[in-house]
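Analysis of the macromolecular model
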Amino acid sequence: MPESFSLYVHIPYCVSKCPYCDFNSHVAARIPEHEYTQALLRELRHYSEREAWTSRSIKTIFFGGGTPSTFQGTSIGAVLDEATKLFGFDEQMEITLEANPGAVDAGRFRDYRSCGVNRISIGAQSFDAKLLQFLGRVHSAEETRQALGSVRKAGFDNFSLDLIYGIPGQTVEGVSHDLSQALKNEPPHLSAYNLTIEEGTPFHTRYRQGHLKPLDEEVEIEMAARIQSTLADAGLERYEISNYAHPGLESRHNLNYWEGGDYLGIGAGAHSHHRMPGDPLGERWQNERLPTGYMRRAGETGDAVTERERPELRQAMGEHLFTGLRMIGGVSVPGFSRRFGTRPMEAFSEIADWLSEGLLVEENQRLRFAARGLLLANELFVRLV
């Protein structure tokens, strides 16, 4: 039986563009919801006829963006119905939809639940009004609380909250306040992302001009430590660098990414990855990024791919370690060896150095970050990829 895969559906439209965001998101005076949905359905049908995906079921679906909650439940339901018809779903299917507070009402959450979505991810980012304004968010902390109440009333027992830390002007105590406000809502899953200044964003322009100064690294490390200890006390276990969950409620969709599984991405700018058994490298590709161009290409043929790549061996090994070491459980050394024909320590001399420095630990045939290594993970990852 062919192994199941994950499906990612990109909805690129937003009410406004946040200054830190480098995702493929677009603000439109009129969102062409019907036309875009039809393009998604056409692309799904295209892949259902391709050997790499045919006769395979879907184990997780993630509607990301952009802001997927700008779309009606009928449109989301149409995509789910088509995916069910073409591929079929695994038992215990996880179907996640990202939503921004203020961009969705209680009725729409009920519609999402009715059409099959069973997990919601809420982009709270902060409960501090000044930090929300700095981040360019158009919602308030009260709207986040209202959205979370609507999520529960709609019948979602499984939901996640996103927070950002390391924001210029933020303090360690401010992080604690955000955590306490988030935990009042008893989220089964919480993501805490360190703010990064990405090239091509307004924040990067301000940084280059000297108008935006990042926090000192020591402060960010203290914030990360506070997050881990606070969430551990609340029963949320860290299973990935930025992600915490009650046992059994980890994001299975994201785990598929980090474990190197196959995923099919549809929508403007969506990425896909496929690897045949016995092939250590695999192939990945990306769709046309502009929504208008995507809709035209997908609408005509179902194929909107503009870039394809087959990585070099060293690149594939580095990326395998990069994604695997993000998980607290780390990377299987025998699994790495079976795929690439060599051990991680032999492929990268840095691994031996990090082991001797106490940044990495090897136990039970797995390689994982030690506590200190997790705090320095981002700068270590640069050495691998």
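The structure we're discussing is the one just above.
Attention in this report is confined to the structure presented alongside it. For clarity, every value in this text was computed on a predicted model and none was experimentally measured.

Parameters and conventions
- Residues numbered from 1 in each chain as written.
- Predicted model: local features only at pLDDT ≥ 70, side-chain atom pairs only at ≥ 80, totals over all residues.
- Heavy atoms only, no water.
- Helix = DSSP H or I, 4+ residues; strand = E, 2+ residues; numbered from the N terminus.
- Rg over C-alpha atoms; globule rule 2.2 N^0.38 Å.
- Buried < 20%, exposed > 50% of the residue type's maximum accessible area, 1.4 Å probe, protein only.
- Contact = heavy atoms within 4.5 Å.
- Areas by Shrake-Rupley, 256 points an atom, 1.4 Å probe, with all protein chains shown as cover.
- Lys, Arg positive; Asp, Glu negative; His and termini not counted.
- Charge placed at Lys NZ, Arg CZ, Asp CG, Glu CD.
- Expected span 1.5 Å × (residues − 1).
- 1 Å grid on protein atoms, 1.4 Å probe; cavity = no way out; pocket = protein on both sides within 12 Å on 5 of 7 lines; lining within 4 Å.
- Points joined across faces, edges and corners; volume = space filled by probe spheres on them.
- Nonpolar A, V, L, I, M, F, W, Y, C, P; charged D, E, K, R; others polar.
- Core = buried A, V, L, I, M, F, W, Y, C linked by side-chain atoms within 4.5 Å.
- Axes fitted to C-alpha atoms, helices over the stretch in contact; angles between N-to-C directions.
- Parallel < 35°, antiparallel > 145°, perpendicular 65-115°, else oblique.
- Left-handed = near helix turned anticlockwise from the far one by under 90°.
- Pairing = 2+ DSSP bridges.

Overview of the overall build of the protein chain
Summing up its helical and strand segments, the protein chain has 16 helices and 17 strands in all. Computed over its C-alpha atoms, the radius of gyration of the protein chain comes to 21 Å, within 12% of the 21 Å expected for a compact globule of 385 residues. By principal-axis analysis of the C-alpha atoms, the protein chain measures approximately 55 × 50 × 45 Å. Residues classed as buried in the protein chain amount to 54% of the 385 residues present. Put simply, of all contacts in the protein chain between residues at least 6 apart along the chain, 69% involve residues at least 24 apart. A total accessible area of about 17,400 Å² is found for the protein chain, and carbon and sulfur atoms account for 48% of it. Distance between charge centroids for the protein chain: 2 Å, based on 40 positive and 52 negative side chains.

What to know about helix α5 (residues 141-153)
Since the α-helix turns once every 3.6 residues, residues separated by three or four places project in the same direction. The end-to-end C-alpha separation of α5 is 19 Å, in line with the 18 Å expected for 13 residues at 1.5 Å each. Inspection of α5 places Ala141, Thr144, Ala147, Leu148, Ser150 and Val151 among the buried residues, and these make up the whole buried set. Elements in contact with the buried residues of α5: α3 (106-115), β6 (119-125), α4 (129-134) and β7 (159-165). Positive phi appears at glycine 155, one or two residues downstream of α5, with a value of about 100 degrees.

A word on empty space enclosed by the protein
Summed over all chains, the structure comprises 1 cavity of 30 Å³ or more. Empty space within the largest cavity amounts to approximately 50 Å³. Lining the largest cavity we find Leu163, Ile164, Tyr165, Gln170, Val175, Asp178, Leu179, Ala192 and Ile227. Counting only elements with at least two residues in the lining of the largest cavity, the list comes to β7 and α6 (172-183). Split into classes, the residues belonging to the lining of the largest cavity amount to 7 nonpolar, 1 polar and 1 charged.

Remarks on the nonpolar core
In this structure, Phe109, Val117 and Ile120 are the most contacted members of the largest nonpolar core, which totals 66 residues. In terms of residue count, helix α1 (residues 33-48) provides more of this core than any other element does, 6 residues in total. If we ignore the near neighbours within four places in the chain, the residues touching valine 117 are Ile76, Leu80, Ile95, Thr96, Leu97, Tyr112 and Phe156. By size, the runner-up hydrophobic cluster in this structure holds 25 residues, among which are Leu281, Met317, Phe340 and Trp354.

Some words on the layout of surface pockets
Of the voids in this model, the second largest pocket is the one considered here, and its volume is about 810 Å³. Lining the second largest pocket are 33 residues, with Glu3, Gly260, Gly261, Asp262 and Arg275 sitting closest to its centre. Contributing elements (two or more residues each) for the lining of the second largest pocket: β4 (58-65), α9 (252-258), α11 (313-326), β15 (331-332) and α12 (333-340). Broken down by class, the residue content of the lining of the second largest pocket amounts to 9 nonpolar, 13 polar and 11 charged.

Comments concerning unusual backbone geometry
Note that the residue after glycine 65, namely glycine 66, is joined by a cis bond; omega there is 20 degrees. Within the fold, glycine 66 resides in the loop between β4 and α2 (73-86). The backbone of glutamine 125 sits at a positive phi, close to 70 degrees, despite the residue not being glycine. The exposure class assigned to glutamine 125 is buried, which follows from its relative accessible area of 9%. Positive phi, close to 50 degrees, is recorded for glutamate 186, a residue that is not glycine.

Some words on the packing of α1 against helix α10 (residues 291-301)
It is at 8 Å that the axes of α1 and α10 come closest, and there the two elements cross at 45 degrees. By the angle between their axes, α1 is oblique relative to α10. For the pair α1 and α10, the sense of crossing is left-handed. Side by side, α1 and α10 meet where Glu35, Tyr36, Ala39, Leu40, Arg42, Glu43 and His46 of the first sit next to Tyr294, Met295, Ala298, Gly299, Glu300 and Thr301 of the second. Looking at the contact of α1 with α10 residue by residue, the class counts come to 6 nonpolar, 3 polar and 4 charged.

So, the pairing of strand β11 (residues 263-266)
Moving residue by residue along a regular strand, the side chains alternate between the two faces of the sheet. In β11, alternate side chains face the same way, and those of Tyr263 and Gly265 on one face and Leu264 and Ile266 on the other are all buried. In this sheet, β11 lies alongside strand β1 (residues 5-11) in parallel orientation, the contact comprising 4 bridges. Looking across to β11, one finds that valine 9 is bridged to isoleucine 266.

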